[in-house]
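# Chain and residue survey
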Amino acid sequence: MSEFEADGESRRGFLKCMTWAGTGLVWTLAGGVPASIGLEAAAATRKTAPFSFVQVSDSHIGFAKPFNPDARATYREAIAKIAAMPVKPDFIIHTGDVSQLSKDDQFDDADQIIKSAGVTVFHVPGEHDVLDDGQGKAFLDRYGKGTKGAGWYSFNHSGVHFVALVNVVNLKAGGLGSLGADQLAWLKDDLAAHGPSTPIVVFAHIPLWALYPDWGWGTDESAQALALLKRFGSVTVLNGHIHQVQQKVEGHVAFYTARSTAFPQPAPGTPGASPGPMAVPADKLRSVLGVREISFVARGQTLPLVDQTLA
Amino acid sequence: MSRLRLAACAAAIATLGFGAIGAALAAAPGATAIDIDNFTFSPPTITVAAGTTVKWTNDDDIPHTVRAVDGSFHSKAMDTADSYAFTFTKPGVYSYFCSLHPKMVGKVVVK
């Protein structure tokens with residue numbers, strides 16, 4: 001993992017994101033860094049070239065219902081999209097629910113498929129990935145090398161600090177996603193090593209904002225986590241779990257949820273609906289599944305976050 | 001969505017709603033089957049005599065679990081159509097939830 005090791009925290013970064021859903025531009029954000037520095041100076045302090053990475057989520061390998069009889073097939077299509085990207089991403093982050101039921105063959109198949117993208121993959125578990133008798137041991141044995149606690153960790157890449165959080169274990173009756181005191185303490189220490197101009201990317205399965213608590217779409221201690229992130233000039237939060245693109249900006253923090261590669265879920269609060277799979281006609285399925293590409297480049301250039309559907 | 005389609009959906013939802021109320025009434029004290037449907041334990045509270053076996057069945061398209069708040073019983077993940085049964089031998093109030101979707105809560109009252 002040497003290419004993802006620590007680098008200079010003082011480098012001035014700048015992140016600007018744009019999201020397309022399908023073919024239409026729906027939203028843009030300029031996540032500001034309160035620093036005045038020229039493009040050349042920014043480039044000079046940069047240790048590596050601008051880069052991109054990809055977010056995939058909720059592959060649910062093992063899911064098989066009439067409207068998507070094999071989530072492996074749609075996952076293969078998603079990974080093929082990544083392999084065909086004109087600029088090869090530096091890595092992929094998978095924001096959880098790799099499997100449907102935490103079974104070894106489901107993880108095996110998922111690994112086999114994502115391997116074809118030919119880049120490093122970083123994982124965090126979804127609630128479907130901790131269903132084994134060891135409540136997540138199978139996931140950690142496979143993906144958790146070098147992680148802490150239930151599988152949280154961080155790494156640096158080209159001046160950006162990435163933080164992987166786990167909010168799907170030890171959930172409490174009536175509650176939401178949960179980070180727990182140990183993880184929050186670790187997060188505090190982890191962030192303390194970084195200056196406010198370091199761009200931060202946080203990823204976790206369940207949304208880290210109160211997206212729709214009635215359906216469990218939020219995290220109990222998100223306010224505490226966000227308080228720790230407040231002093232940073234650019235924070236991007238990437239989540240899965242809800243199988244659709246939603247976004248929100250709060251100060252310098254931009255939150256995004258991603259599409260699934262297996263099945264869609266209803267819009268939050270849809271009357272009569274529940275936060276489970278939403279059947280769609282076969283010819284519409286691929287228009288509601290997808291992957292996301294995120295790019296970081298120097299200030300003044302286009303720095304897009306693009307959601308691509310499988311259609 | 002067209003107005004006609006909305007009206008049809010509203011009618012369907014209303015029908016479903018009444019169906020659920022009917023099922024809940026039919027499953028008054030003594031019921032031993034709990035249905036998991038639309039992210040809901042139904043009925044959410046049942047009252048049974050000590051020694052009764054209660055059986056949960058998942059009718060959703062997504063896995064669920066049954067986990068006692070006090071840890072006294074818990075199921076494995078139940079896929080669609082899977083069941084889990086537990087025999088309550090001691091009187092008391094047993095609160096439980098789905099450990100994947102903790103907003104789903106229920107209660108078994110054992111007399």
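All figures in this text were calculated on a predicted structure; none of them were measured in a lab. Every chain's residues receive numbers from 1 upward, in the order its sequence appears when written. Throughout, the order in which chains and ligands are written sets their labels, letters from A for the former and numbers from 1 for the latter. Only residues with pLDDT of at least 70 are given local features in this predicted model, and only at 80 or more are side-chain atom pairs given and counted; all residues enter the totals for whole chains, interfaces and linings. Values reported for side chains reflect all heavy atoms of the structure, with hydrogen atoms and water molecules removed beforehand.

## Considerations on the interface of chain B and chain A
Note the following rule: We call two residues contacting when some pair of their heavy atoms lies within 4.5 Å. The term buried area refers to how much accessible surface (probe radius 1.4 Å) is lost by two components on association, counted for both of them together. When a carboxyl oxygen of Asp or Glu lies within 4 Å of a side-chain nitrogen of Lys or Arg, that pair is called a salt bridge. A 3.5 Å cut-off defines polar contacts: any pair of N or O atoms within that distance qualifies, except that in protein one atom must be a possible hydrogen donor and the other a possible acceptor, and neighbouring residues in sequence count only when both atoms are side-chain atoms. The nonpolar class holds Ala, Val, Leu, Ile, Met, Phe, Trp, Tyr, Cys and Pro. Asp, Glu, Lys and Arg form the charged class, and all remaining residues, Gly among them, are polar.
Of the residues lining the interface, 20 residues belong to chain B; the matching set on chain A comes to 27 residues. Counting each side, the surface lost to burial between chain B and chain A is near 1800 Å², with a carbon and sulfur contribution of 63%. Among the residues of chain B in contact with chain A, Asp 61, Leu 100 and Lys 103 of chain B are the three that bury the most area, contributing 30% of the side total. Seen at the junction of chain B and chain A, the total is one salt bridge. Inspection of the chain B/chain A interface yields five residue pairs in polar contact (both at pLDDT 80 or more). Its residues placed into classes, the side of chain B that touches chain A shows 10 nonpolar, five polar and five charged.

## Overview of the packing of aromatic side chains
All names here are of chain A. Note the threshold: Side-chain rings of Phe, Tyr and Trp, where Trp is taken by its six-membered ring, are said to pair if the distance between their centres is within 6.5 Å; with planes under 30 degrees apart they count as stacked, over 60 as edge-to-face, and otherwise as tilted. The secondary structure listing takes helices from DSSP runs of H or I that are at least 4 residues long and strands from runs of E that are at least 2 residues long, numbered from the N terminus. Accessibility here uses a 1.4 Å probe with only protein chains present; expressed as a share of the type maximum, an area under 20% marks a residue as buried, one over 50% as exposed, and anything in between as partly exposed.
In total, this model carries 32 aromatic pairs over all chains according to the counting rule given. Centroid distance Phe 91 to Phe 162: 5.2 Å. Interplanar angle 80°. Geometry classified as edge-to-face. Taken as a pair, Phe 91 in strand β4 (residues 91-94) and Phe 162 in strand β7 (residues 160-164) lie far apart in primary sequence, 71 residues in all. Per residue, the accessibility class of Phe 91 equals that of Phe 162, and both read buried. Between the aromatic rings of Tyr 153 and Phe 155, the centroid separation amounts to 6.5 Å while the plane-to-plane angle is 20°, which identifies the pairing as stacked. Here the two residues Tyr 153 and Phe 155 agree in accessibility, since each one is buried.

## A look at the sheet that holds β4 of chain A
All names here are of chain A. Basically, it comes down to this: In short, DSSP must find at least two bridges between two strands for them to pair. The angle between two axes is taken between their N-to-C directions and runs from 0 to 180 degrees, where each axis is a line fitted to C-alpha atoms and a helix contributes only its stretch in contact.
What the five strands build is an open sheet, ordered β5-β4-β3-β12-β13; its pairing is mixed. Of all the strands in the sheet, the pair left with one neighbour each is β5 (120-123) and β13 (305-309). Neighbour to neighbour, the strand axes of the sheet diverge by 25° on average, direction disregarded. Examined bridge by bridge, strand β12 (residues 290-296) and β13 share five bridges and lie antiparallel to one another. Pairing of Ile 294 across the sheet is with Leu 305, part of β13. The strands touched by helix α2 (residues 71-83) are β3 (51-56), β4, β12 and β13; relative to β3, the strand with the most contacts, the crossing angle is about 175°.

## Topic: the packing of helix α5 (residues 181-192) of chain A against helix α6 (residues 222-229) of chain A
All names here are of chain A. Going by this rule: In these notes the angle categories are as follows: under 35 degrees is roughly parallel, over 145 is roughly antiparallel, 65 to 115 is roughly perpendicular, and the rest is oblique.
Orientation of α5 relative to α6, taken along the N-to-C sense of each, is 10°, at an axis distance of 10 Å. The orientation of α5 with respect to α6, classified from their angle, is roughly parallel. Along its contact with α5, which presents Leu 184, Leu 187, Lys 188 and Leu 191, the element α6 presents Gln 224, Ala 225, Leu 228 and Leu 229. When its residues are assigned to classes, the contact of α5 with α6 shows six nonpolar, one polar and one charged.

## Focus on the pattern of salt bridges
Residues and elements named next belong to chain A. One pass over the full model with this rule turns up 11 salt bridges over all chains. Of the charged contacts in the structure, one is a salt bridge between Asp 141 and Lys 137, with a shortest N-O distance of 2.9 Å. With Asp 141 and Lys 137 both in helix α4 (residues 137-143), this residue pair falls four residues apart, about one helical turn. The salt bridge partner of Asp 283 is Lys 284, with a shortest N-O separation of 4.0 Å.

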